[in-house]
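Chain by chain, the residues run as shown.
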Amino acid sequence: MLKVNNLAVSYGAIKAIHGVSLEVHDGEVVSLIGANGAGKTTILRTISGLKKADDGEILFNGTDLRKMEPSKIITLKLAHVPEGRHIFPQMTVEENLEMGAFTDKKDLEENMEEVFERFSRLKERRRQLAGTLSGGEQQMLAVGRALMAKPSMILMDEPSMGLSPLLVKEIFSIIKEVNRKGITVLLVEQNAKMALSISSRAYVMETGKITISGDAGELLRDDRVRKAYLGQ
Ligand code: ATP
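A short tour of the structure in this document, coming up. (Residues numbered from 1 in each chain as written. Predicted model: local features only at pLDDT ≥ 70, side-chain atom pairs only at ≥ 80, totals over all residues. Heavy atoms only, no water.)

Here we take up the site of the ligand. Neighbouring residues of the ligand: 13 residues in total, closest N36, G37, T41, T42 and Q190. Here Y11 contributes a side-chain N or O atom positioned 3.4 Å from a nitrogen atom of the ligand. Side-chain polar atom of T42 to an oxygen atom of the ligand: 2.5 Å apart, as the coordinates give it. Across the complex, the protein chains shield 60% of the 640 Å² of accessible surface that the ligand would expose by itself. No other element matches helix α1 (residues 40-47), which puts 3 residues into the shell around the ligand. Per-class residue counts for the shell around the ligand are 4 nonpolar, 6 polar and 3 charged. (Near = heavy atom within 4 Å. Polar contact = N/O pair within 3.5 Å; in protein donor to acceptor, adjacent residues only side chain to side chain. Areas by Shrake-Rupley, 256 points an atom, 1.4 Å probe, with all protein chains shown as cover. Helix = DSSP H or I, 4+ residues; strand = E, 2+ residues; numbered from the N terminus. Nonpolar A, V, L, I, M, F, W, Y, C, P; charged D, E, K, R; others polar.)

Encoded structure:
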């Protein structure tokens, strides 16, 4: 479904990503883990067109995304839930969801009802300003907004950031459920243990490169991963 070949990305003279290749197959949850600054966010931003690559190929269902604008990429049903959520704080929950639905206005109400079915807490707060939601609710809103575009794949950046352990559990069970409904997920996470527990495969990044990859269960048992990322 998604195939990244030999990707290189830089910020000015600084090379943030060197020769990264990865694949996500239809129906999978794949995680990308690694320390702060390894380049995980940069990879997601490059896939969704927010950052331009220097080199390499990004194929989504065979279409090369590299020269495409983000607004075009979302119409291919590839959605991005950015780090730090980026909801619109001065808009209500409903208005935020509407912003996610720009691809298909006519189905807006139906899609919104589906999101509210999944996130009843958002439904109760549909007219509340998004900036006044709790951290967990804002994260749910960010996921809900991505779902409004009816994506076939979601890129999710650090969904557990800043959440209490209980909400972390909740957000991971939401990701699992979204995946069960048929949406493929590429997940960037600091919380390697939780990420691996819901993934089929994973890639470990260090300073702009992929250093380890494999089956998520195998990585949970891998000594290098345990020491560096699982605190064991
Ligand atoms: P974290 O887990 O801390 O979010 P990350 O793995 O997502 O880290 P990135 O945010 O992709 O890492 O950053 C990769 C490298 O690129 C870092 O060295 C970072 O300082 C650098 N970088 C990221 N964004 C910019 C920017 N806008 N301008 C310059 N350098 C940047």
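Turning our eyes to something else, we now look at the environment of P70. Secondary-structure assignment places P70 in helix α2 (residues 70-75). As a C-alpha pair, P70 and T46 span 24 residues in sequence and 9.5 Å in three-dimensional space. Discounting residues that sit within four places of it in the chain, P70 has contacts with S48, G49 and L50. (Contact = heavy atoms within 4.5 Å.)

With 16 residues, helix α7 (residues 165-180) extends 23 Å between its outermost C-alpha atoms, agreeing within 8% with the 22 Å of an ideal straight helix rising 1.5 Å per residue. What α7 keeps buried is the set L167, V168, I171, F172, I174, I175, V178 and N179. Looking straight down α7, one finds its buried side chains confined to an arc of 155°; they lie on one side. Every exposed residue of α7 that faces more than 90 degrees away from the buried side is listed here: P165, L166, K169 and R180. Just downstream of α7, G182 is the residue with a positive phi angle, here 110°. (Expected span 1.5 Å × (residues − 1). Buried < 20%, exposed > 50% of the residue type's maximum accessible area, 1.4 Å probe, protein only. Arc of directions from axis to C-beta.)

We now examine the pattern of salt bridges. Summed over all chains, the structure comprises 12 salt bridges. In this structure, R121 and E170 form a salt bridge, with 2.6 Å as the shortest nitrogen-oxygen distance. One end of the pair, R121, is in helix α5 (residues 120-124); the other, E170, is in helix α7, with 49 residues separating them in the sequence. Judged by its relative accessible area of 27%, R121 falls in the partly exposed class. (Salt bridge = Lys/Arg side-chain N within 4 Å of Asp/Glu carboxyl O.)

Overall, mixed pairing links the 6 strands, which are arranged β6-β7-β8-β3-β9-β10 in an open sheet. Every other strand in the sheet has two partners, leaving β6 (78-81) and β10 (209-215) as the edge strands with one partner each. Adjacent strand axes in the sheet meet at a mean angle of 15°, parallel and antiparallel pairs treated alike. As judged from the 5 bridges shared by strand β7 (residues 153-157) and strand β8 (residues 184-189), these two strands associate in the parallel manner. Pairing of L155 across the sheet is with L186, part of β8. (Pairing = 2+ DSSP bridges. Axes fitted to C-alpha atoms, helices over the stretch in contact; angles between N-to-C directions.)

Here we take up the sheet that holds strand β1 (residues 2-11). Spatially, β2-β1-β4-β5 is the arrangement adopted by the 4 strands of the open sheet, whose pairing is antiparallel. Pairing within the sheet leaves two strands with one partner each, and these edge strands are β2 (14-24) and β5 (63-64). Where β1 lies against β2, 7 bridges are found, and the strand directions are antiparallel. Across the sheet, the residue bridging to V9 is I17, located in β2. Helix-sheet contacts for α1 involve β1, β2 and β4 (55-60), and the interaxial angle to β1 is about 115°.

This brings us to the pairing of strand β9 (residues 201-206). Among the 6 residues in β9, 5 count as buried, and that is most of the element. Two elements, β9 and β10, share 6 bridges in a ladder whose sense is antiparallel. In the sheet register, V204 faces β10, and the bridge partner there is I212. Here β9 folds back onto β10, and the loop between the two strands holds 2 residues, one of which, T207, carries a positive phi near 30°.

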